[in-house]
Amino acid sequence: MSAAKQALVIGGGIAGMSAAIVLRESGMKVHLIDRDPEWKVYGAGITITGPTLRVMKRLGILDRVLAEGYTSDGLLVCDAQGNTVAEIETRGEALNGVPGAGGIMRPVLHSILSERLRLLAPRVSLGTSVASLIPGHPTQVTFTDGSTGTYDLVVGADGIFSATRAMMFPDTPEPHYVGQVCWRLMTSRHPAIERRTYFLGGPSKVGINPVSPDQMYMFLLEPVQRFERRPEGDQYRHLDALMAPYGGVVADLRAELNAGSRIVARPLETIFLRAPWYRQGCVLIGDAAHATTPQLASGAGMAMEDGVVLGECVAGEDNIEAALARFMQRRYPRCALVVEKSLTLGRLEKAVTSPIEQVRVVEQALAQLNQPY
Ligand SMILES: Cc1cc2nc3c(=O)[nH]c(=O)nc-3n(C[C@H](O)[C@H](O)[C@H](O)COP(=O)(O)OP(=O)(O)OC[C@H]3O[C@@H](n4cnc5c(N)ncnc54)[C@H](O)[C@@H]3O)c2cc1C
């Protein structure tokens, strides 16, 4: 039924690969490009939710995620000393039987998605970006290697600092820093950590999540006015100071910190584009349209859902603009919920409000996200 036959996907991250899978499944010719010649991602853990596992099932990757990641149910909330404060239910009927929570290493998820996509034989060009783009029906594209192409659909999935967004909507403001830095420490799994565990009520927000049966990662959200990049071998000293007020498992991890610890620090930035995210056969998805801070651990899930919904809308309409309008209608409220509630949680964390107040926001948002997308 679709009028679109040729799609260009700009960016081979979580959103771009998910869109490419579903567009390819519907019989469309897909050309996916990524500017990174090695198509690699950095080695940090990410948390996945029940809704993220549900969309992974739709993408045909759930079995491998279950085998190579870690899943569980529920979310444990502790105080800064590791005493249990609350438990959050994560299961839900609308999750179609998938577990309610989990974690995985980002490079593992990347290779599962890319292997699934490769089976569908799209055209993939690495080390390539778009030099210029003239939206239309079709859209005309010139690539950085000088080659050109015309496409019925162009999908901008090139992340938070999207160059496609700048070409489509040049007046959009840049993403902004929210006053928190996310520290992640990858380590072997502590026997006491069986599911996602938050430590709230201290000066930072801390969480620990298994990403495989024998690995886990800790994240710590440091409230700080300005992000200062530190030399790699020195990061552990700063993290050590940030972890000092915490007891329990966090204190155990702190005792093992050293110059060789696997640590990644990222400033938290966000952008939420006003509707519409499309213009004449070109559409933005994932972080290019709605980059969230990670409080609800739903950025990757929203990116995957975008890809699936876009593929379904395009396959179900014989007019590309109608398909993109439908896509907008389905995606806007859900993505807005994630970005807004994550920012609310960030504000509560920085104000060091009671763990119970934060738990309520998480519970309500997760219950809404469990609903079908
Ligand atoms: C610190 C931190 C922690 C997070 N933790 C979690 C978590 O626990 N759970 C969760 O669900 N989400 C988490 N997120 C959010 C999640 O990482 C993102 O929402 C998700 O990666 C978005 O996917 P994407 O494909 O839209 O963008 P990206 O993952 O950024 O992928 C963009 C791709 O486009 C390519 N690209 C960029 N520019 C160009 C260009 N000009 N031309 C061609 N290619 C280009 C890049 O090489 C990359 O492959 C976290 C985010 C941060 C910052």
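Since the model is a prediction, treat every value here as computed from it, not as a measurement.

*Asks:* Mind showing me how you'd approach the site of the ligand here?
*Replies:* Near the ligand, the surroundings consist of 31 residues, among which Ala15, Asp34, Thr47, Arg106 and Asp287 are the closest. Interatomic distance of 2.8 Å between a side-chain N/O atom of Asp287 and an oxygen atom of the ligand. At 3.3 Å from an oxygen atom of the ligand is found a main-chain nitrogen or oxygen belonging to Gly299. Taking 1,000 Å² as the accessible area of the ligand by itself, protein coverage stands at 86%. Those elements giving two or more residues to the shell around the ligand turn out to be α1 (14-25), β3 (45-49), β13 (176-188), β17 (262-272) and α9 (299-316). Counting residues per element, the shell around the ligand draws most heavily on α9, which supplies four residues. Residue composition of the shell around the ligand, grouped by class: 13 nonpolar, 11 polar and seven charged.

*Asks:* Any chance you could explain the environment of Cys313 here in plain terms?
*Replies:* Inspection of the secondary structure puts Cys313 in helix α9. For Cys313, a relative accessible area of 5% gives the class buried. Separated by 303 residues in sequence, Cys313 and Ile10 place their C-alpha atoms 19 Å apart. Sequence-distant contacts of Cys313, that is, excluding residues within four places in its chain, are made with Ala323, Arg326, Phe327 and Arg330.

Criteria and cut-off values
- Residues numbered from 1 in each chain as written.
- Predicted model: local features only at pLDDT ≥ 70, side-chain atom pairs only at ≥ 80, totals over all residues.
- Heavy atoms only, no water.
- Near = heavy atom within 4 Å.
- Polar contact = N/O pair within 3.5 Å; in protein donor to acceptor, adjacent residues only side chain to side chain.
- Areas by Shrake-Rupley, 256 points an atom, 1.4 Å probe, with all protein chains shown as cover.
- Helix = DSSP H or I, 4+ residues; strand = E, 2+ residues; numbered from the N terminus.
- Nonpolar A, V, L, I, M, F, W, Y, C, P; charged D, E, K, R; others polar.
- Buried < 20%, exposed > 50% of the residue type's maximum accessible area, 1.4 Å probe, protein only.
- Contact = heavy atoms within 4.5 Å.

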